[in-house]
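Here is how the chains run, residue by residue.
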Amino acid sequence: MAPARPRRQFWRTIVGLCLVGGVYFLWMVLTGVAIWLVQGLAGFEQSLQRISTGADPWSLILLLSTFLGGWLGVWITVHLLHGRRLRSLLGRAPVVLRDFTLGVAAMVLVGGGLTLAASPLLPPLALTPDPAQWLAFLPLALLGILIQTGAEELVFRGYLQSQLAARFAAPLVYMTVPALLFGFAHFDAAALGDTVWYVFAATALFGLIASDLTQRSGALGLAWGLHFANNVIAILIVSVMGGLGGLALLRAPEGALPEAVLRPILLADMGLMIAVWVACRLWIRRR
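Here is a short report on the structure shown in this document. (Residues numbered from 1 in each chain as written. Predicted model: local features only at pLDDT ≥ 70, side-chain atom pairs only at ≥ 80, totals over all residues. Heavy atoms only, no water.)

### Considering the overall build of the protein chain
No. 1: Each helix and strand counted, the protein chain has 12 helices and three strands in total.
No. 2: Here the C-alpha atoms of the protein chain give a radius of gyration of 19 Å, agreeing with the 19 Å that 2.2 N^0.38 yields for 287 residues.
No. 3: Oriented by its inertia axes, the alpha-carbon framework of the protein chain measures out at about 55 × 50 × 35 Å.
No. 4: Of all 287 residues assigned to the protein chain, the portion counted as buried reaches 43%.
No. 5: In the protein chain, the proportion of contacts linking residues at least 24 apart, taken out of those at least 6 apart, comes to 77%. (Helix = DSSP H or I, 4+ residues; strand = E, 2+ residues; numbered from the N terminus. Rg over C-alpha atoms; globule rule 2.2 N^0.38 Å. Buried < 20%, exposed > 50% of the residue type's maximum accessible area, 1.4 Å probe, protein only. Contact = heavy atoms within 4.5 Å.)

Listed below in structure tokens is the structure:
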């Protein structure tokens with residue numbers, strides 16, 4: 001909060017969010033222009049469609065790379081509007097690295113353990129037909145997810161939460177507002193159908209958990225580690241939603257599980273996240 005206090009006016013935060021979104025949009029436009037120059041107009045629309053859904057390995061990598069625009073947008077915003085350095089949104093480097101490692105471990109041990117315990121309840125999943133390709137793309141995919149989750153944490157927890165906390169004393173404001181906006185950022189009724197509100201609830205809950213852990217730990221590492229591990233599991237290990245499955249090791253045979261099956265899975269995922277949050281809070285208290 002301290003680096004945010006000198007320029008904590010609410011109008012700066014609103015303008016800053018618009019500037020971040022504008023730079024991110026411009027980065028995507030430049031990416032689209034580069035694809036058009038390389039592939040020509042004939043396959044341009046088809047390529048954009050595949051990239052938007054992460055339908056194959058290179059499309060998924062390109063999609064994740066667009067989040068570099070988020071990093072650039074936040075860097076420009078905090079420099080121009082708030083006189084802050086980008087690292088002031090993250091916290092001290094040793095703490096970020098330590099907490100990031102803890103977040104990954106908590107998600108893998110607690111979340112992964114509960115997922116394995118519930119795996120007999122899941123419908124049959126299909127193994128990727130080319131495990132060698134999955135391994136070849138794995139380093140790039142991990143880097144891409146690191147960039148993607150880092151950009152989202154910078155925007156919603158690093159920037160928005162710290163600026164709101166410097167302006168408003170009520171946790172109801174500086175924790176809930178970023179969580180709700182994070183949920184709406186994943187709101188896609190056309191693609192998700194009747195499960196859209198379940199997805200919104202799950203992502204907003206994760207946003208609230210990430211906000212709480214950021215407040216308690218004083219750095220972005222813990223939320224970033226949880227976010228990174230969660231997305232690695234959902235994008236690279238088990239894909240059941242139908243999107244971003246171009247590099248999933250296991251996926252639903254038809255591309256996405258039926259909505260009647262997805263709803264209890266999403267509810268179980270919310271319970272899993274609460275269990276991981278409790279484990280992290282206990283560790284913070286002990287520390």
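So, next bit.
### What to know about the sheet that holds strand 3 (residues 250-251)
No. 1: Spatial strand order, 1-3-2: three strands in an open sheet with mixed pairing. Edge strands, defined here as strands with exactly one partner in the open sheet, are strand 1 (126-127) and strand 2 (238-239).
No. 2: Relative to strand 3, strand 1 runs antiparallel, the two sharing two bridges. When the sheet's bridge partners are listed, Ala-126 is paired in strand 3 with Arg-251. (Pairing = 2+ DSSP bridges.)

### Quick notes on the packing of aromatic side chains
No. 1: For the structure shown, the criterion picks out 13 aromatic pairs.
No. 2: Considering the side-chain rings of Phe-156 and Phe-182, the 5.3 Å spacing of their centres and the 75° angle between planes classify their relative orientation as edge-to-face. Taken together, the residues span a long stretch of sequence, with Phe-156 in helix 6 (residues 131-167) and Phe-182 in helix 8 (residues 176-185) at a distance of 26 residues. When sorted by exposure, Phe-156 lands in the same class as Phe-182, which is buried. (Phe/Tyr/Trp six-rings, centres within 6.5 Å; stacked < 30°, edge-to-face > 60°.)

### Here's the deal with a nonpolar patch on the surface
No. 1: Taken together, the side chains of Phe-25, Leu-26, Met-28, Val-29, Leu-30, Val-33, Trp-36, Leu-37 and Leu-41 make up a nonpolar region of the molecular surface, amounting to roughly 890 Å² of accessible area.
No. 2: With relative accessibility at 49%, the residue Leu-26 sits in the partly exposed group. (Patch = residues over 30% accessible without salt bridge, like charges linked within 9 Å, V, L, I, M, F, W, Y side chains within 5 Å. Areas by Shrake-Rupley, 256 points an atom, 1.4 Å probe, with all protein chains shown as cover. Salt bridge = Lys/Arg side-chain N within 4 Å of Asp/Glu carboxyl O.)

### Overview of helix 8
No. 1: Listed as buried for helix 8 are Pro-178, Ala-179, Phe-182 and Gly-183. Buried residues of helix 8, seen end-on, are gathered within an arc of 140° and therefore sit on one face of the element.
No. 2: Packed against the buried residues of helix 8 are helix 6, helix 7 (171-174), helix 10 (196-217) and helix 11 (221-237). (Arc of directions from axis to C-beta.)

### What to know about the packing of helix 1 (residues 10-39) against helix 6
No. 1: In the contact formed by helix 1 and helix 6, the axes pass within 10 Å of each other and the chain directions differ by 165°. Between helix 1 and helix 6, the angle falls in the class roughly antiparallel. In terms of crossing hand, the pair formed by helix 1 and helix 6 is left-handed. Residues Phe-10, Arg-12, Thr-13, Gly-16, Leu-17 and Val-20 of helix 1 pack against Val-155, Tyr-159, Leu-160, Gln-163, Leu-164 and Arg-167 of helix 6.
No. 2: Across the contact of helix 1 with helix 6, the residue classes tally to seven nonpolar, three polar and two charged. (Axes fitted to C-alpha atoms, helices over the stretch in contact; angles between N-to-C directions. Parallel < 35°, antiparallel > 145°, perpendicular 65-115°, else oblique. Left-handed = near helix turned anticlockwise from the far one by under 90°. Nonpolar A, V, L, I, M, F, W, Y, C, P; charged D, E, K, R; others polar.)

Shape descriptors only; they carry no functional weight alone.
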